[in-house]
Amino acid sequence: MEQAELIWHNGELVPWEDAKVHVLSHGLHYGTGVFEGIRCYETERGPAIFRHGEHLERLEKSAELYYFSLPYSAEELRDATHELIRRNGLRSCYIRPLAFRGYGEMGLYAQSAPIEVIVAVWPWGAYLGEGSKEHGIRTKVSSWRTISGDSLIPHAKASGQYLNSILAKTESANAGYDEAILLDQHGAVSEGSGENVFVVRDGVLRTPPHTAAILDGISRNSVVQIARDLGYTVEERDIARSELYLADEVFLTGTAAELVPVREVDDHPIGEPGEITRVIQAKFEDALHGRAEEYLEWLDPVEAPAEADKPSKVRS
Ligand SMILES: Cc1ncc(COP(=O)(O)O)c(C=O)c1O
């Protein structure tokens, strides 16, 4: 991965190579962490973070769902992230806040193990590969089902839960595909290993509902709004596996991947990215990069520091 200079760790800026944890950190053993994936884009008005407030709110909700008490408020994490981007001199980047149980107590009810918080930023290009957004990707329906709400919490973005995504992603990559699409426990389409799914048929967009074990994707919600604003009908309803094969167009949405067309599912060709995908993708890209007036409120500009702001010291 591409490195930056500094990482924010429990309220301090530390050099990238010194941002370390103890090997007996609870999160390392049991996956007890909650995190976010956010992107900052270069816009005409400077670097700006897409839907920063919504991401930090989801982080707080994920923490709450796992009975974590976050030692920093959303406002403090927002300020820390702004300073981090400025101090690393980045114009655009991926942003990874993570709160995890640290070192101090083992076992499953380790209430005295402290909650540590980090924010890291680094440049990260096309998540699903060069050309993925232009030409689409090849996907495979996974033999792994998404975690269901009766054993974990699909609505939470929690570290341990990603073992499910990793199994699906590994299976699809080993079989030569770009991404996996997982079904829920009832066999309906759920989501990609790190993206939500949209299907277009006869001009209507459909995406799985919250009850299909999805993460409530912030890109998904943005795309639903954009599509409706453009006059398309969007339905949130269960999608059968065969509807993927019969679709006129299929695409995935996620912060890392952005909006990526799907050109093949289980060796059934969907074809080059279709008209509706293209139109919505273009508007979404405009929103991300601050070119769409109507969605400017989705961007959190990383302002230059005020005169009175003292820069945080770097831990040596
Ligand atoms: C499992 C999963 N589903 C969906 C998404 C898409 O969510 P978002 O658009 O908020 O990044 C992600 C990415 O965070 C994810 O990891």
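Quick notes on the rules
What you see as residue numbers is a count from 1 along each chain, following the sequence as written. Residue-level local features of this predicted model are given only where pLDDT is at least 70; pairs of side-chain atoms are given and counted only at 80 or more, and the full residue set underlies all totals for whole chains, interfaces and linings. Side-chain metrics in this entry use all non-hydrogen atoms of the structure; hydrogen atoms and water are not considered. Salt-bridge detection follows one rule: a side-chain nitrogen of Lys or Arg within 4 Å of a carboxyl oxygen of Asp or Glu. Secondary structure elements are taken from DSSP: a helix is a run of H or I of four residues or more, a strand is a run of E of two residues or more, and numbering for both begins at the N terminus. Only protein chains enter the accessibility calculation, which uses a 1.4 Å probe. A residue is then buried if its area is under 20% of the maximum for its type, exposed if over 50%, and partly exposed in between. The axes are straight lines fitted to the C-alpha atoms, using for helices just the contacting stretch, and the angles between their N-to-C directions are given from 0 to 180°. Every angle not falling under 35 degrees, over 145, or within 65 to 115 is termed oblique; those three ranges are roughly parallel, roughly antiparallel and roughly perpendicular. Helix crossings get a hand from a simple test, with the near helix turned counterclockwise from the far one by less than a right angle marking a left-handed crossing and a clockwise turn marking a right-handed one. We call two residues in contact when some of their heavy atoms are within 4.5 Å. As a working rule, the residues Ala, Val, Leu, Ile, Met, Phe, Trp, Tyr, Cys and Pro are called nonpolar, Asp, Glu, Lys and Arg charged, and the rest polar, with Gly in that last group. Two N or O atoms form a polar contact when they lie within 3.5 Å of each other; inside protein one atom must be a possible hydrogen donor and the other a possible acceptor, and for residues adjacent in sequence the pair counts only when both atoms belong to side chains. When the strands point away from the viewer and the connection leading from the first strand across the helix to the second strand turns clockwise, the crossover is called right-handed. Think of it this way: DSSP has to see at least two bridges between two strands before they count as a pair. Aromatic rings from Phe, Tyr and Trp, with only the six-membered ring used for Trp, were paired whenever their centres fell within 6.5 Å, and each pair was classed as stacked if the ring planes differed by under 30 degrees, edge-to-face if by over 60, and tilted otherwise. In our convention, an over-ring charge means Lys NZ or Arg CZ found within 6 Å of a ring centre and within 35 degrees of that ring's normal. In these notes, a set of buried Ala, Val, Leu, Ile, Met, Phe, Trp, Tyr and Cys residues joined through side-chain atoms within 4.5 Å is what counts as a nonpolar core.

Caption draft 1: How the structure looks around the pattern of salt bridges. Overall, the coordinates contain 22 salt bridges when judged by the stated rule. With its nearest N and O atoms 3.7 Å apart, the salt bridge here joins Glu293 to Arg45. Note that Glu293 is positioned in the loop between helix H8 (275–288) and strand E17 (299–301) and Arg45 in the loop between strand E4 (38–43) and strand E5 (46–50), a separation of 248 residues in sequence. A salt bridge links Arg78 to Glu75; its shortest N-O distance comes to 3.3 Å. In this pair, Arg78 and Glu75 both sit in helix H3 (residues 74–87), three residues apart, roughly one turn of the helix. On the accessibility criterion, Glu75 (45% relative accessible area) is partly exposed.

Caption draft 2: Spotlight on the packing of helix H2 (residues 52–65) against H3. Look at H2 against H3: their axes get within 10 Å of each other, and the N-to-C directions meet at 130 degrees. If you check the angle between H2 and H3, you find them oblique. At the point where H2 passes H3, the crossing takes the right-handed sense. Packed against H2, whose contacting residues are His52, Leu56, Leu59 and Glu60, the element H3 presents Ala74, Leu77, Arg78, Thr81 and His82 at the interface. Taken together, the residues of the contact of H2 with H3 sort by class into four nonpolar, three polar and two charged.

Caption draft 3: Broad picture of the environment of Glu42. With respect to the element layout, Glu42 can be found in strand E4. Sequence separation of Glu42 and Ser92 is 50 residues, and the distance between their C-alpha atoms is 5.2 Å. In this view, Glu42 contacts Pro47, Arg91, Ser92 and His289; residues no more than four positions away in its chain are not counted. A polar atom in the side chain of Glu42 sits 3.3 Å from the side chain of Arg91.

Caption draft 4: Just the pairing of strand E9 (residues 179–183), in detail. Most of E9 sits out of view: five of its five residues are buried. Every second residue of E9 is oriented toward a common face, with Glu179, Ile181 and Leu183 on one face and Ala180 and Leu182 on the other, all of them buried. Taking the sense of rotation as the criterion, the β-α-β connection linking strand E8 (residues 137–141), helix H5 (residues 162–174) and E9 turns out right-handed. Pairing between E9 and strand E10 (residues 189–192): three bridges, direction antiparallel. By the bridge assignment, Ile181 is partnered in E10 with Gly192. Hairpin remark: E9 followed by E10, antiparallel, with five residues in the connecting loop; positive phi at Gly187, about 95 degrees.

Caption draft 5: Region of the structure containing the environment of Thr255. Residue position: Thr255 is located in the loop between strand E14 (249–254) and strand E15 (258–265). Put simply, Thr255 and Ile38 are 217 residues apart on the chain and 6.1 Å apart in space, counted from C-alpha to C-alpha. Apart from the residues lying within four places of it in its own chain, the contact partners of Thr255 are Gly37, Ile38, Arg39, Tyr41, His55, Tyr94 and Ser219.

Caption draft 6: The arrangement of the packing of aromatic side chains in detail. With the rule as written, the count across this model stands at 10 aromatic pairs. Between Tyr94 and Trp122 the ring centres are 5.3 Å apart and the planes differ by 50 degrees, which places this aromatic pair in the tilted class. Here Tyr94 is found in strand E6 (residues 93–101), whereas its partner Trp122 is found in strand E7 (residues 115–122), with 28 residues between them in sequence. For the pair shown, Tyr94 and Trp122 are each scored as buried. Taken together, the ring pairs in this structure connect Phe50, Phe284, Tyr295 and Trp298 into an aromatic cluster. Seen from the ring of Phe68, Arg101 lies directly overhead, with NZ or CZ sitting 5.3 Å from the centre.

Caption draft 7: Broad picture of the nonpolar core. Counting 36 residues, the largest nonpolar core has Trp8, Leu77, Ile85 and Ile95 as its most contacted members. Here this core gets seven residues from one element, more than from any other, and that element is E7. If we skip the residues at most four places from it in the chain, Leu77 touches Trp8, Leu56, Leu59, Tyr72, Val117 and Val119. Core analysis: the second largest hydrophobic core is formed by 22 residues, Ala227, Leu259, Phe284 and Leu299 among them.

Caption draft 8: View of the packing of helix H6 (residues 218–229) against H8. Taken N-terminus to C-terminus, the directions of H6 and H8 make an angle of 115 degrees; their axes are 10 Å apart at the nearest point. Every pair of crossing elements has a handedness; the one defined by H6 and H8 is right-handed. Where H6 abuts H8, its residues Ser219, Ser222, Val223, Ile226 and Ala227 lie against Ile280, Lys283, Phe284 and Ala287. Here the residues of the contact of H6 with H8 are counted per class, giving six nonpolar, two polar and one charged.

Function cannot be inferred from these measures alone, as they are strictly geometric.
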